[in-house]
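# Breakdown of the fold
So you can see what is in the structure, the chains are spelled out below.
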Amino acid sequence: DAGVTQSPTHLIKTRGQQVTLRCSPKSGHDTVSWYQQALGQGPQFIFQYYEEEERQRGNFPDRFSGHQFPNYSSELNVNALLLGDSALYLCASSLPGSNSPLHFGNGTRLTVT
Amino acid sequence: AQSVTQLGSHVSVSEGALVLLRCNYSSSVPPYLFWYVQYPNQGLQLLLKYTTGATLVKGINGFEAEFKKSETSFHLTKPSAHMSDAAEYFCAVSEEGSTLGRLYFGRGTQLTVWP
């Protein structure tokens, strides 16, 4: 049973560029959440997708956008990259409902130079 | 709004000693509370969670945590540390009844275990 998979594992980009990160949820899960974990910090909620729609959003600018596909996989897009966007980006999947815990992937390490 | 404070960014214990990682939360509604562990270059793994019911929650790897509403705390303990417990630990809170997708995390506590 595959868990949450993310690609790529590492990525280096230049300021001003755009990046796309990908996530496949755990088998049977249909809800995907994205978190940003800066160095030395706890993860911060970016947004959550369910039924191909953004259901909740954290305090992140519009440069951060996402998408969920019919097979429940998801993409996180970041435009006009800033140095401060350098972080570990974590994808988590879950079943809908108030008692379903998150399952996290190993993340994508994004470095912006 | 929800928030989490983890007291002590670094905790060091000897192998076999008690592990105590502190977590205090702020929530305007009854919370759901979680502890996650993160090993180097990996994602987060759920150790345990409190939603409703019994306030002493047992998790994986011998960890447990007690929800104390009067103290707004959810401290994580393990009676006897093992070398394999060395990792970063995160406490998190979400609103009761809301989707568990949105968690508010503390800044983490790095646990070092000495032989």
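Per chain, the residues get numbers from 1 upward, laid out in the order the sequence is written. The lettering of chains begins at A and the numbering of ligands begins at 1, in the order of writing. Only residues with pLDDT of at least 70 get local features here, since the model is predicted, and only at 80 or more are side-chain atom pairs given and counted; chain-wide, interface and lining totals rely on the full set of residues. Side-chain numbers here rest on the full set of heavy atoms in the structure, without hydrogens or water.

### A closer look at the interface of chain B and chain A
Note on definitions: a residue-residue contact is assigned when non-hydrogen atoms from the two residues lie within 4.5 Å. Of the residues lining the interface, 21 residues belong to chain B; the matching set on chain A comes to 24 residues. Summed over both sides, the interface of chain B with chain A buries roughly 1800 Å², with 49% coming from carbon and sulfur. Think of a salt bridge as a Lys or Arg side-chain nitrogen and an Asp or Glu carboxyl oxygen that are within 4 Å of each other. Taken together, chain B and chain A are joined by zero salt bridges. Throughout this description, a polar contact denotes any pair of N or O atoms lying within 3.5 Å of each other; where both atoms belong to protein, one of them has to be capable of donating a hydrogen while the other can accept it, and for residues adjacent in sequence the pair is counted only when both atoms sit in side chains. Where chain B touches chain A, the interface holds five residue pairs in polar contact (both at pLDDT 80 or more). Gly is put with the polar residues, along with every residue not named as nonpolar or charged; the nonpolar set is Ala, Val, Leu, Ile, Met, Phe, Trp, Tyr, Cys and Pro, and the charged set is Asp, Glu, Lys and Arg. Counted by class, the side of chain B that touches chain A contains eight nonpolar, 10 polar and three charged residues. Here the buried area means the combined drop in accessible surface, using a 1.4 Å probe, for two parts upon being joined, counting both sides.

### Re the pairing of strand E5 (residues 31–38) of chain B
Residues and elements named next belong to chain B. Within E5, eight of the eight residues are buried, leaving the element largely enclosed by the surrounding structure. Residues of E5 alternate between two faces, with Pro31, Leu33, Trp35 and Val37 on one and Tyr32, Phe34, Tyr36 and Gln38 on the opposite face, all of them buried. At least two bridges found by DSSP between two strands are what make those strands a pair. Each helix is a run of H or I in the DSSP string that is no shorter than four residues. Each strand is a run of E no shorter than two, and both are numbered from the N terminus. Bridge count for E5 against strand E10 (residues 87–95) is eight bridges, and the pairing is antiparallel. When the sheet's bridge partners are listed, Tyr32 is paired in E10 with Ser94. Only protein chains enter the area calculation, which uses a 1.4 Å probe; residues under 20% of their type maximum are buried, those over 50% are exposed, and those in between are partly exposed.

### Details of the sheet that holds strand E8 (residues 74–78) of chain A
Working definition: the strands of a sheet are paired by backbone hydrogen bonds and lie parallel or antiparallel to each other. Residues and elements named next belong to chain A. A sheet is described by the order of its strands in space; here four strands give the open sequence E1-E3-E8-E7, paired in antiparallel fashion. Every other strand in the sheet has two partners, leaving strand E1 (5–7) and strand E7 (64–68) as the edge strands with one partner each. Taken pair by pair, the neighbouring strands of this sheet meet at an average axis angle of 20 degrees, ignoring direction. Strand direction decides the pairing type here: E7 and E8, joined by five bridges, are antiparallel. Bridged to Gly66 within E8 is Leu76. Here an angle of 0 to 180 degrees is reported between the N-to-C directions of two axes, which are lines fitted to C-alpha atoms, with helices fitted over the stretch in contact.

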